[in-house]
Amino acid sequence: MEKKIHQGRNVKRFREMLNIKQEALAYDLGEDWNQKKISMLEQKDVIEDSLLKQISAVLKIPVEAFQNFDEEQAINIISNTFHDTQGLINYSPTFNNNPIDKLIQLHEEKIALYERMLKEKDEMMVRLEKLINK
């Protein structure tokens, strides 16, 4: 038995993944849209192709994602792919950030910025002197 893809639920899932509120999506879709209309849209099993294309353009997600995404299938793929999670996750990551090196780097960047500013100031002074002496 083939499972039906709920396109409205997929729109909601992708919208939430992108951290976009219903009001924001409604605003992007145009003047005749509001939060309530988006809520009703997300409850529809099937959404018209033209509207899916419009939503696709706003969310920058391919139309096929709304038409074909099946959460259960994705979960099955993930669970069947990762049998032994030991070693997949590094619970004690090590970072090679030496604060003194970072401080020295920032100081060198600051000096370079000051030198550029001084050079620009000198060039501006030369230009001003030329203008005054004309």
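Residues numbered from 1 in each chain as written. Predicted model: local features only at pLDDT ≥ 70, side-chain atom pairs only at ≥ 80, totals over all residues. Heavy atoms only, no water.

In terms of nonpolar packing, the biggest core is built from 17 residues, with V11, W33, I55 and F66 touching the most fellow members. Counting only elements with at least two residues in this core, the list comes to α1 (7-17), α2 (22-29), α3 (35-41), α4 (49-59) and α5 (63-68). Sort the elements by how many residues they give to this core and α4 lands first, with 4 residues. If we skip the residues at most four places from it in the chain, F66 touches I5, Q7, N10, V11, F14, L52, I55, S56, L59 and I61. (Core = buried A, V, L, I, M, F, W, Y, C linked by side-chain atoms within 4.5 Å. Buried < 20%, exposed > 50% of the residue type's maximum accessible area, 1.4 Å probe, protein only. Helix = DSSP H or I, 4+ residues; strand = E, 2+ residues; numbered from the N terminus. Contact = heavy atoms within 4.5 Å.)

Moving on to the side chain of Q7. With respect to the secondary-structure elements, Q7 resides in helix α1. The class for Q7 is buried, based on a relative accessible area of 10%. Not counting chain neighbours up to four residues away, the residues in contact with Q7 comprise K44, D45, V46, I47, L52, F66 and Q67.

Next up on the list: the UniProt feature "coiled-coil region" (unreviewed entry) in the protein. Sequence positions flagged by UniProt for "coiled-coil region" (unreviewed entry) are, in local numbering, residues 104-134. Secondary structure over residues 104-134 splits into 97% helix and 0% strand, and the C-alpha atoms at its two ends are 46 Å apart. (UniProt positions renumbered as here; feature names shortened; annotations may be inferred.)

The next point concerns α1. Residues Q7, G8, N10, V11, F14 and R15 constitute the buried set of α1. Down the axis of α1, the buried side of the element spans an arc of 160 degrees, and every buried residue falls inside it. At its buried positions, α1 is contacted by α2, α3, α4 and α5. Backbone geometry just after α1 places N19 at a positive phi near 60 degrees. (Arc of directions from axis to C-beta.)

Bringing unusual backbone geometry into the picture now. Even without a glycine there, the phi angle at N19 is positive, about 60 degrees. Position of N19 among the secondary structure elements: in the loop between α1 and α2. Located in the positive-phi region is K60, a residue other than glycine, with phi close to 60 degrees. Looking at the element boundaries, K60 is found in the loop between α4 and α5. Residue classification places K60 among the exposed positions, given a relative accessible area of 72%.

Residues M124, M125, L128, L131 and I132 make up a contiguous nonpolar surface patch of roughly 510 Å² in combined accessible area. Topologically, I132 is positioned in helix α7 (residues 99-133). For I132, a relative accessible area of 67% corresponds to the exposed category. (Patch = residues over 30% accessible without salt bridge, like charges linked within 9 Å, V, L, I, M, F, W, Y side chains within 5 Å. Areas by Shrake-Rupley, 256 points an atom, 1.4 Å probe, with all protein chains shown as cover. Salt bridge = Lys/Arg side-chain N within 4 Å of Asp/Glu carboxyl O.)

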